[in-house]
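So you can see what is in the structure, the chains are spelled out below.
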Amino acid sequence: MANLLKSRVQLRRMFTGTTTEQEEQEALSAKDQTFVEQLRKTIKSHIPDANYSVEDLGEEMGLSRVQLYRKVKALTGYTVVDLLRKARLARAKRLLETTDKNISEVAYEVGFSTPSYFAKRFKEEYGVKPGELQ
């Protein structure tokens, strides 16, 4: 049980960008490492696509939507939709901190369909408005 909790914490850190590759490798079995790496690469490659769905991700990963939800929830404690959103928000945060793009440009670039929804989710995730990072 302790190992499961530890691996969930480390996976959460990994998907929000606050862990190292070495810490990831220590937390998971070889099969889980492969799955998580493939999941991360797939999510990362589709961040700009606002129409990318859980069904699309499941198809790309070779799992049904239900199987994908169960596996991701068991490994990370998050739903697939939450992971997609967290990946998008983490990328948006980096863009806001390192570029001169405005909030709307960043929102569209990371796959949010409206800047207002992006701002709402950003504030919920990080506790600050996106404009406060610029």
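Scope of this entry: the structure provided in the associated data block. (Residues numbered from 1 in each chain as written. Predicted model: local features only at pLDDT ≥ 70, side-chain atom pairs only at ≥ 80, totals over all residues. Heavy atoms only, no water.)

1. Notes on the pattern of salt bridges
As a reminder of what qualifies: Any carboxyl oxygen of Asp or Glu that lies within 4 Å of a side-chain nitrogen of Lys or Arg is treated as forming a salt bridge with it. Where helices and strands are cited, they refer to DSSP runs of H or I of at least four residues and of E of at least two residues respectively, numbered from the N terminus. Under the scheme applied here, a residue whose accessible area is under 20% of the maximum for its type counts as buried, over 50% as exposed, and between as partly exposed, the area being computed with a 1.4 Å probe on protein chains only.
Considering all chains together, one arrives at seven salt bridges under this definition. Glu125 is paired through a salt bridge with Lys86; the nearest N and O atoms lie 3.0 Å apart. A residue pair is termed long-range when its members are at least 10 positions apart, and Glu125 in helix H8 (residues 115-126) and Lys86 in helix H6 (residues 80-98) qualify at 39 residues. On the accessibility criterion, Glu125 (31% relative accessible area) is partly exposed. With relative accessibility at 13%, the residue Lys86 sits in the buried group. One network of salt bridges, with partners in common, ties together Arg91, Lys101 and Glu109.

2. Topic: the layout of surface pockets
In plain terms, the rule: In the cavity and pocket records, a cavity denotes points on a 1 Å grid over the protein atoms alone where a 1.4 Å probe fits but cannot get out, a pocket denotes an open set with protein on both sides within 12 Å along at least 5 of 7 lines, and lining residues are residues with an atom within 4 Å of a point. Grid points are joined across faces, edges and corners, and a volume is the space filled by probe spheres set on the points.
In this structure, the second largest pocket encloses a volume near 200 Å³. If you go around the second largest pocket, the residues you meet are Ala50, Tyr52, Ser53, Val54, Val81, Leu84, Arg85, Arg88, Gly111, Phe112, Ser113 and Tyr117. Among the elements that line the lining of the second largest pocket, the one with the most residues is H6, at four residues.

3. A word on the nonpolar core
How we decide: Note on terminology: a nonpolar core comprises buried Ala, Val, Leu, Ile, Met, Phe, Trp, Tyr and Cys residues joined through side-chain atoms within 4.5 Å. The contact definition used throughout considers only heavy atoms, calling two residues in contact when any of these lie within 4.5 Å.
In terms of nonpolar packing, the biggest core is built from 27 residues, with Phe35, Leu39, Leu57, Leu68 and Phe118 touching the most fellow members. Those elements that provide at least two residues to this core are helix H3 (30-45), helix H4 (54-61), helix H5 (65-76), H6, helix H7 (103-109) and H8. When residues of this core are assigned to their parent elements, the largest contribution, eight residues, is made by H6. For Phe118, the contacting residues outside a window of four places in its chain are Leu89, Ala92, Leu96, Ile103, Val106, Ala107, Val110, Phe112 and Pro130.

4. Digging into a negative patch on the surface
Selection rule: Within the patch definition used here, like charges are joined within 9 Å and nonpolar side chains (Val, Leu, Ile, Met, Phe, Trp, Tyr) within 5 Å, considering only residues with over 30% relative accessible area and no salt bridge. Computed with the Shrake-Rupley method and a 1.4 Å probe, the accessible areas treat only the protein chains shown as cover for residues. Under the counting rule used here, the positive set is Lys and Arg, the negative set is Asp and Glu, and His together with the chain ends is not counted. Charge placement uses NZ in Lys and CZ in Arg. For Asp and Glu, CG and CD serve respectively.
Taken together, the side chains of Asp49, Asp56, Glu59 and Glu60 define an acidic patch exposed on the protein surface. The topology assignment puts Glu59 in helix H4.

5. Concerning H3
Operational definition: A helix is expected to reach a length of 1.5 Å times the quantity of its residues less one. It is the directions from the helix axis to the C-beta atoms that the arc portrays.
The first and last C-alpha atoms of H3 sit 23 Å apart over 16 residues, in line with the 22 Å expected at 1.5 Å per residue. Restricting attention to buried positions, one finds in H3 the residues Phe35, Val36, Leu39, Arg40, Thr42 and Ile43. Across the axial projection of H3, the buried residues extend over an arc of 165°, all falling on one side. Relative to its buried face, H3 has exposed residues pointing more than 90 degrees away, namely Ala30, Thr34, Lys41 and Lys44.

6. Observations concerning the environment of Ala87
In this fold, Ala87 is placed in helix H6. Under the relative-accessibility criterion, Ala87 is labelled buried at 11%. Expressed as a C-alpha distance, the spacing of Ala87 and Val110, which sit 23 residues apart in the sequence, is 8.9 Å.

7. Side note on the packing of aromatic side chains
Rule in force here: Any pair of Phe, Tyr and Trp rings, taking the six-membered ring for Trp, is counted once the centres come within 6.5 Å. Such a pair is stacked with planes under 30 degrees apart, edge-to-face with planes over 60 apart, and tilted for the rest.
By the definition in use, this model includes four aromatic pairs. Summarising the aromatic geometry, the rings of Phe112 and Tyr117 are spaced 5.8 Å apart at their centres and angled 50° between planes, so their arrangement reads as tilted. Phe112 sits in the buried class, given a relative accessible area of 6%. Taking relative accessible area as the criterion, Tyr117 reaches 33% and is therefore assigned partly exposed.

Without other data, these values stay purely geometric and don't point to any function.
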